[in-house]
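Residues per chain are reported as follows:
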Amino acid sequence: MTDSNSPEQVHPEDQAEQQAAGAEAQTDLQAQLDEALAQIAELKDQVLRAHAEAENVRRRSQEDVAKARKFGIESFAESLVPVRDSLEAALALENQTAEALREGVDVTLKQLSAAFDRHQLKQIAPAPGERFDPNLHQAISSVPSEQPANTVANTLQVGYLISERVLRPALVMVSAGQS
């Protein structure tokens, strides 16, 4: 009979099994820890690489924007150089007739218009009676006119659009209607 108050006796075989199971569990835990640490190291490396790549993309984007600002006007400037050459050639000629001078200015204007067209620079030149558009026109004054109210009575200065964006609005006088 065993006494309920007496300590349980542990057999040496049981003790060896417990130690073996404990060693096996410790080996499994160590393997899991090593695997988790390796995964953490790999993820840290991926984060560092992703951060470096994002920084490189940001830096390249800034460089591209700086180059675009610096050289974006280059193509337009190349289109204007022949216009300047034509104007200088016209001024260099002495004893020109008014007709020859006018013909030269007309050719130069065509060169300038071609440069504007090539770079999507369009005139805003509202005709009398055209509806006033505050997005495209700047009203200088309102005048009594035979044109209907809130329409263009007179264009004082043409405006310009560049790629559908207003570069300069047309300066207009707006009709107040008949007085």
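Residues numbered from 1 in each chain as written. Predicted model: local features only at pLDDT ≥ 70, side-chain atom pairs only at ≥ 80, totals over all residues. Heavy atoms only, no water.

An unreviewed UniProt entry lists the protein chain under the name Protein GrpE, from Kerstersia gyiorum. According to the UniProt record, the Subcellular location (unreviewed entry) comment for the protein chain reads "Cytoplasm". According to its UniProt record, the protein chain has this under Sequence similarities (unreviewed entry): "Belongs to the GrpE family." (UniProt positions renumbered as here; feature names shortened; annotations may be inferred.)

A. Representation of the packing of aromatic side chains within the structure. For the structure on display, the rule yields 2 aromatic pairs. Both rings, one in Phe76 and one in Phe116, keep their centres 6.2 Å apart while their planes meet at 25°; by these two values the pair is stacked. Note that Phe76 is positioned in helix α2 (residues 74–92) and Phe116 in helix α3 (residues 98–118), a separation of 40 residues in sequence. Across the pair, Phe116 and Phe76 agree in class, each one buried. By way of ring pairs, the aromatic residues Phe76, Phe116 and Tyr160 are connected into one cluster. (Phe/Tyr/Trp six-rings, centres within 6.5 Å; stacked < 30°, edge-to-face > 60°. Helix = DSSP H or I, 4+ residues; strand = E, 2+ residues; numbered from the N terminus. Buried < 20%, exposed > 50% of the residue type's maximum accessible area, 1.4 Å probe, protein only.)

B. Quick peek at the environment of Phe76. By relative accessible area, which is 19% here, Phe76 ends up buried. When near neighbours in sequence (up to four residues on either side) are disregarded, Phe76 contacts Ala115, Phe116, His119 and Leu121. (Contact = heavy atoms within 4.5 Å.)

C. Expanded view of the nonpolar core. In this structure, Ile124, Val152, Leu161, Ala170, Val172 and Val174 together form the largest nonpolar core, which totals 6 residues. Look past the residues within four positions of Ile124 in its chain and what remains in contact with it is Leu136, His137, Val158, Gly159, Tyr160, Leu161, Arg168 and Ala170. (Core = buried A, V, L, I, M, F, W, Y, C linked by side-chain atoms within 4.5 Å.)

D. Molecular detail of the packing of α2 against α3. At a closest axis distance of 9 Å, the pairing of α2 and α3 adopts a crossing angle of 175°. Put simply, α2 runs roughly antiparallel to α3. Counted together, Phe76, Ser79, Leu80, Pro82, Val83, Ser86 and Leu87 of α2 and Thr108, Gln111, Leu112, Ala115, Phe116 and Arg118 of α3 form the full contact between these two elements. (Axes fitted to C-alpha atoms, helices over the stretch in contact; angles between N-to-C directions. Parallel < 35°, antiparallel > 145°, perpendicular 65-115°, else oblique.)

E. Structural context of the pairing of strand β5 (residues 165–168). Alignment of strand β4 (residues 159–162) against β5, held across 3 bridges, turns out to be antiparallel. In the strand pairing of β5, Leu161 is matched with Val166. Linkage of β4 to β5, two consecutive antiparallel strands, is achieved through a turn of 2 residues, within which Ser163 is found at a positive phi near 55°. (Pairing = 2+ DSSP bridges.)

F. Up close: the pattern of salt bridges. Scanning the entire structure with this criterion turns up 6 salt bridges. In this structure, Glu53 and Arg60 form a salt bridge, with 3.6 Å as the shortest nitrogen-oxygen distance. Glu53 gets classed as partly exposed once you look at its relative accessible area, which sits at 42%. Overall, Arg60 belongs to the partly exposed group, its relative accessible area being 37%. Between Arg84 and Glu88 there is a salt bridge, with the nearest N and O atoms lying 2.8 Å from each other. Here Glu88 and Arg84 lie together in helix α2, a separation of 4 residues that amounts to about one turn. Looking at Arg84, the relative accessible area reads 56%, which means it is exposed. Residue classification places Glu88 among the partly exposed residues on the basis of a relative accessible area of 38%. (Salt bridge = Lys/Arg side-chain N within 4 Å of Asp/Glu carboxyl O.)

G. Region of interest: the pairing of strand β6 (residues 170–175). Counting buried positions along β6 gives 5 out of 6 residues, so the element sits mostly inside the fold. By the bridge criterion, 6 bridges tie strand β2 (residues 137–143) to β6 in an arrangement that is parallel. Paired with Ala139 across the strands is Val172, a residue of β6. Across 4 bridges, the pairing between strand β3 (residues 152–157) and β6 is antiparallel. Counterpart to Val152 in the pairing with β6 is Val174.

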